[in-house]
Amino acid sequence: MIDPLHADAEWNAGDLGCGTLVLDLRRRLRGMPGGVLKVTALDLGAPEDLPAWCRLTGNKLLHHDPDTKNFWIRSRMDWA
């Protein structure tokens, strides 16, 4: 079994607002189908917005650590 906190890449999004954050996130995940990206997001809306965005886009939120503001997201395989 793969460690759920393993990340193939990391990205510190800092305090990017969720609009810009998800646009950049989409671009990054699209470039790594099936990979896991560890994202640090300080925006206050990220804990609600990123899980919702993952559900809507078919990417998988593996884990969220609210203390460190880190999110582990597995990129979907079928980017077109």
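I will try to describe carefully the structure that is included in this document. (Residues numbered from 1 in each chain as written. Predicted model: local features only at pLDDT ≥ 70, side-chain atom pairs only at ≥ 80, totals over all residues. Heavy atoms only, no water.)

### Comments concerning the overall build of the protein
Within the protein, the regular secondary structure consists of two helices and four strands. The linear arrangement of helices and strands in the protein, starting from the amino end, is β-α-β-α-β-β. Taking 12 Å as the expected radius of gyration for a compact globule of 80 residues, we find that the protein reaches 11 Å, a close match to that expectation. Along the three orthogonal principal directions, the C-alpha set of the protein runs to about 30 × 30 × 20 Å. Buried positions account for 36% of the 80 residues belonging to the protein. Intrachain contacts of the protein at a sequence separation of at least 6 include 68% that bridge at least 24 residues. Carbon and sulfur atoms form 53% of the exposed surface of the protein, whose accessible area is close to 4800 Å². With 10 positive and 11 negative side-chain charges, the protein shows a spacing of 8 Å between the two charge centroids. (Helix = DSSP H or I, 4+ residues; strand = E, 2+ residues; numbered from the N terminus. Rg over C-alpha atoms; globule rule 2.2 N^0.38 Å. Buried < 20%, exposed > 50% of the residue type's maximum accessible area, 1.4 Å probe, protein only. Contact = heavy atoms within 4.5 Å. Areas by Shrake-Rupley, 256 points an atom, 1.4 Å probe, with all protein chains shown as cover. Lys, Arg positive; Asp, Glu negative; His and termini not counted. Charge placed at Lys NZ, Arg CZ, Asp CG, Glu CD.)

### As for the sheet that holds strand E2 (residues 36–41)
Hydrogen bonding along the main chain pairs the strands of a sheet, whether they run parallel or antiparallel. Pairing within the open sheet is mixed, and its four strands lie in the order E1-E2-E4-E3. The strands lining the two open edges of the sheet, one partner per strand, are strand E1 (9–14) and strand E3 (60–65). Put simply, the sheet's adjacent strands are angled 20° from each other on average, direction ignored. In the sheet, E1 pairs with E2 via five bridges, with the strands oriented parallel. (Pairing = 2+ DSSP bridges. Axes fitted to C-alpha atoms, helices over the stretch in contact; angles between N-to-C directions.)

### Here we look at the state of the cysteines
Going through the model one piece at a time under the given rule, you end up with zero disulfides. Cysteine Cys18 shares no disulfide, and the gap to the nearest cysteine sulfur, in Cys54, comes to 11 Å. For Cys18, a relative accessible area of 13% gives the class buried. Judged by relative accessible area, Cys54 falls into the buried class, the value being 2%. (Disulfide = S-S within 2.5 Å.)

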